[in-house]
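# Residue-level structure breakdown
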Amino acid sequence: MADYGIGAADGISRLSLDEGRRQPPSSRPDVHSAGIVAVDITQKFDRAVKTLQPGELVKDGFFTLFDSVAALEIMDTKMDSGCVLPGEEFEVLYDVSRPLLPEEVLGIMDQLICHEMSWHLGYPLAQTIFTSVYVDALLMPEPGSIEQAYFVRNNNHDANGHPMLEVLRAYCLGMLKACAYVNERIKAEHFYEEEDFVPNTYNRTLLTGIPSDAIQDVIIHAVELVLTLKGSSISDDVAHALISRLDLRSVFLTATESPQYMKEPLKARESWDKAVKILSQIKSTNPLGTAVDDAFSNKLQRKLASTMPPRPIVQLKFDDAFGHLSRLFKDGSEVIGVLEYTDSQCLQTFVSTFQSKKPQPMVYIRTLLQTFLFNEMEILGSMSIRQLLDDDLSIITLPSHQLLDRSNDEIEATHDPRFTMSQQMELFRQRAAQPFLDIFRTACQNRCRVRRTLCHLIRDWENLQVDAESIDEHLQIRTKEQPFMQRSSHGLNPIEMYSLPLSSWTYLYKLRQMEVIVQLGFELEVYQTDELVGMYWYLNYLAKSRLHHVERIKTFLVRRTSQVRSQALDLSAEEQLQRSLTYMRLSMLDAAVTWELSDALSCVYTVLHRFGLVKAPPRPYSNDELRYDLRMKPFACIGLPTLPAFEEFTAGITQPDLTTAELLQYAEQAVTGAKRGSEALTKFSARESFSVGSHERWMVTAKGVLKSCIATGVAISTLRKALQRTEGHEHAALEVSVSVPTPDKAYHEWWIVPRIVPQLATESDTGL
């Protein structure tokens, strides 16, 4: 009945049945059973169908959608895990008690490494580790203690006494226990199921009831067993290979318990570093193993509590799996560095540079980072959210300021200005804490989710800015702040300016996140080639706003510094003021580089559009204004900076008032400024760049931007030379070929510099 329309409509249609009648009649089923009497109902069914009108449905009220889908699944090899083909055995005919050669145990271990890494990459256990007959034997039935965790139960010591089976058992126990810790850690943090990771254990426990100390003892005993057999029944090379894999299981099991050592970074990193040292031994000894394909079967999926249809085993090559394993341990050792806190900006740099690594750290490492950052509402296991937030405010807008003085909390007299300061600052912290922490939590997601989440997060910052402005007005009165008199651009009366520290801090973060949303669009290839000109123009617009805002913040910082230094100043206050000025220098330089490089690239793409070297693909159901609305949708809710009108956007990317030569000259000046700024950034120390603990990664990014500036300069120079060759020839085409690289082929994922190559001269051009 699968062809007769049963399914989505929960019934049978006349039209579907008419189509089914045109098929050749099937033969009567050959059923031989004393309990079944087969009756041919073809003619009766045919007469019943004739009474239906085309499109009319017949539905049994008790025949549900679930029943119809189940009916389709039965005896379908693609849908029914219990379907057994003729001549096929239902059970896996593999004897887990059979003696194994040392080379076979080595091969099974390496196959399990491949399956374990496949699981870390996001494939379910049903297609990876749970396809092992040895793993199935250990987990079913569930062992209540380490004494019951054997391949063969019922106290069959003869079957379990083979030395190689004991070694394999120790390896499997260590692997499963580590997987249990990994699974629980990931489920405890924020991740996206089916997108990042599949935590489903199909009603298996992964040895959660057995303590890790007992499993470590089994691994130690297995290592001792291999050493006693070394040189006799096991060759030296194979023995070393087996021991290295057992050591791997031991140190990885210890490493998965690293969150409990958050206050001891050296101890937390120790196991990860040991695992990294073992890797070379594992890779070099892989050829010694013998694969045992029969020890893995997708038939084991029939035993799992799952509603999913059967799926094939994920076959990951050992070299690929080893690469992922190496990256897992190196990233695990590197992520421990986040526990060494310097200041809030260094922490943000660490998280952002670590999460932007290519390839991105696996989901387990990303959730481990979340644990270090947010476990039990403590930052890095020792700091409160207030400490982190106040530290950040002291860097950006409130260095050595009375608003952050902890002694204000002790004031109980309501008429005292310090009481109001304490109350208003606490109100701001309560409203700012969640958006501020969401910056860190968002950065721990996969790159696509980072951009998507930021599009929602900037709305929270927009609302926070409104609240911050109101709080600033109250604090401005209580602190008796004197305004800064700035000359008007029109030469009229000077304008009063107040520092507005809380709203300035909020606005700066909002601008930075808006820039990151646009820049991640380049990295994730959200924009098509013809849209790059517009998005770089908008990035230039945002960076210009950020630079002007940082300059405003710096104006008040310099003013405050001169005021405070004229008084008696302690060393701590001096350090905070100097730290803030250093941060302003970094922020201004970073914003200026972003402004000028995006400006130069926008001009380059404008020239390419003018000469038809970059063309838009056919879009029969779209136009430029609709695509503009789509790209600017995340920013439509933002009040400041205001969203440019479509007409302003169009004029910005077409530059109708500038000739191509003028446009290229302007682009050359912009990229020269960006190059100088990038060169200055690459000379910053770890403290100057606020990248203590991640300076090496930060420097790679800075050098990538510098290379992008150089490549942009080369592209502009090539275009100018090609343009000069067309002088005197009206409507002449530029003799260049253009290719736009993908982000992974660019010097930096956020700067897509077109590669422009002069075309070879033809015979007519050379006079031949």
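Every chain is numbered independently, its residues counted from 1 as its sequence is written. The predicted nature of this model means local features are confined to residues of pLDDT at least 70 and side-chain atom pairs, given and counted, to a pLDDT of 80 or more, with totals for whole chains, interfaces and linings taken over all residues. To obtain the side-chain values, all non-hydrogen atoms of the structure were used and water was disregarded.

- For the protein, an unreviewed UniProt entry supplies the name N-alpha-acetyltransferase, non-catalitic subunit and the organism Conoideocrella luteorostrata.
- UniProt positions are given in the numbering used here, feature names are shortened, and annotations may be inferred rather than shown by experiment. Under the heading Subcellular location (unreviewed entry), UniProt records this for the protein: "Cytoplasm".
- Listed under Sequence similarities (unreviewed entry) in UniProt, the entry text for the protein is "Belongs to the MAK10 family."

## Overview of the packing of aromatic side chains
- Under the pairing criterion, centres of Phe, Tyr and Trp rings, with the six-membered ring standing for Trp, must be within 6.5 Å; the plane angle then separates stacked pairs below 30 degrees from edge-to-face pairs above 60, leaving the rest tilted. On inspection of all chains with the given rule, the structure shows 30 aromatic pairs.
- In textbook terms, an aromatic cluster arises when at least three aromatic residues are bridged by ring pairs, as seen for Trp537, Tyr538, Tyr541, Tyr628, Phe635, Phe646 and Phe649.
- Taking NZ or CZ as reference, Arg169 lies 3.8 Å from the ring centre of Tyr150, over its face. Any Lys NZ or Arg CZ that is within 6 Å of a ring centre and within 35 degrees of that ring's normal is treated as a charge sitting over the ring.

## As for the packing of helix α9 (residues 236-255) against helix α10 (residues 265-284)
- A fitted line through C-alpha atoms serves as each axis, taken over the contacting stretch for helices, and the angle formed by two N-to-C directions is quoted from 0 to 180°. Secondary structure elements follow DSSP: runs of H or I no shorter than four residues count as helices, runs of E no shorter than two count as strands, and numbering proceeds from the N terminus. The N-to-C vectors of α9 and α10 enclose an angle of 160 degrees; their axes lie 9 Å apart at closest approach. Put simply, α9 runs roughly antiparallel to α10. Where α9 crosses over α10, the handedness of that crossing is left-handed. Across the interface between the two elements, Ser244, Arg245, Asp247, Leu248, Val251, Phe252, Thr254 and Ala255 from α9 touch Ser271, Trp272, Lys274, Ala275, Ile278, Gln281 and Ile282 from α10.
- All amino acids are sorted into three groups, where Ala, Val, Leu, Ile, Met, Phe, Trp, Tyr, Cys and Pro are nonpolar, Asp, Glu, Lys and Arg are charged, and the leftover types, Gly among them, are polar. The residue inventory of the contact of α9 with α10, partitioned by class, reads eight nonpolar, four polar and three charged. Roughly parallel means an angle under 35 degrees; roughly antiparallel means over 145; roughly perpendicular covers 65 to 115; every other angle is labelled oblique. By convention the crossing between two helices is left-handed if the near helix lies anticlockwise of the far one by an angle smaller than a right angle, and right-handed if it lies clockwise. In what follows, a contact means two residues having at least one pair of non-hydrogen atoms within 4.5 Å.

## Digging into the packing of helix α4 (residues 102-120) against helix α7 (residues 163-188)
- Close contact between α4 and α7 brings their axes to 10 Å; oriented N to C, the two are set at 10 degrees. On the basis of their axis angle, the class for α4 and α7 is roughly parallel. In contact with Pro102, Val105, Ile108, Met109, Leu112, Ile113, Glu116, Trp119 and His120 of α4, α7 contributes Met164, Val167, Leu168, Tyr171, Cys172, Met175, Cys179, Val182 and Asn183.
- A breakdown of the residues in the contact of α4 with α7 according to their chemical character gives 15 nonpolar, two polar and one charged.

## Concerning helix α15 (residues 417-443)
- Taking 1.5 Å of rise per residue, the 27 residues of α15 would be expected to cover 39 Å, and the 38 Å separating its terminal C-alpha atoms lies within 8% of that figure.
- For α15, the principal kink sits at Ala432 and spans about 40 degrees; a proline, Pro435, occurs within the next four residues.
- Pairs of N or O atoms within 3.5 Å make up the polar contacts considered here, provided that, within protein, one atom can donate a hydrogen while the other can accept it, and that residues adjacent in sequence are counted only when both atoms are side-chain atoms. The opening residue of α15, the one whose side-chain oxygen lies 2.9 Å from the backbone nitrogen of Arg418, is Asp416. One fewer than the residue count of a helix, multiplied by 1.5 Å, yields its expected span. The angle between axes fitted to the seven-residue stretch ending at a residue and the seven-residue stretch beginning at it gives the bend at that residue.

## Some remarks on the environment of Arg418
- Relative to the elements of secondary structure, Arg418 occurs in helix α15.
- Working definition: with a 1.4 Å probe on protein chains only, accessible area under 20% of the residue-type maximum means buried, over 50% means exposed, and in between means partly exposed. A relative accessible area of 36% means that Arg418 is categorised as partly exposed.
- Put simply, Arg418 and Gln402 are 16 residues apart on the chain and 8.6 Å apart in space, counted from C-alpha to C-alpha.
- Ignoring sequence-local partners within four residues, the contact set of Arg418 consists of Asn408 and Ile411.

## Quick look at the nonpolar core
- By nonpolar core we mean a set of buried residues, namely Ala, Val, Leu, Ile, Met, Phe, Trp, Tyr and Cys, connected to one another through side-chain atoms within 4.5 Å. Grouped together as the largest cluster of nonpolar side chains are 213 residues, with contacts concentrated most on Tyr134, Phe151, Leu246, Leu373 and Trp505.
- Examining the composition of this core, we find that 16 residues originate from one element, helix α19 (residues 571-610), more than from any other.

## Some words on a nonpolar patch on the surface
- Only residues above 30% relative accessible area that lack a salt bridge enter a patch, with like-charged residues linked at up to 9 Å and the nonpolar side chains Val, Leu, Ile, Met, Phe, Trp and Tyr linked at up to 5 Å. Surface accessibility in these figures is a Shrake-Rupley result with a 1.4 Å probe; residues are shielded only by whichever protein chains are displayed. Salt bridge, as used here: a side-chain nitrogen of Lys or Arg that lies within 4 Å of a carboxyl oxygen of Asp or Glu. On the surface, Val37, Val39, Ile41 and Phe45 cluster together into a nonpolar patch covering about 410 Å² of accessible area.
- Among the secondary structure elements, Phe45 is positioned in helix α2 (residues 42-50).

## Remarks on unusual backbone geometry
- Backbone torsion omega between Lys358 and Pro359 reads -5 degrees, so that peptide bond is classified as cis.
- Its location among the elements puts Pro359 in the loop between α12 (344-355) and α13 (363-374).
- Unlike most non-glycine residues, Glu376 shows phi in positive territory, near 55 degrees.
- Relative to the elements of secondary structure, Glu376 occurs in the loop between α13 and α14 (385-396).
- Although it is not a glycine, Met377 adopts a positive phi angle of roughly 60 degrees.
- With respect to the helices and strands, Met377 occurs in the loop between α13 and α14.

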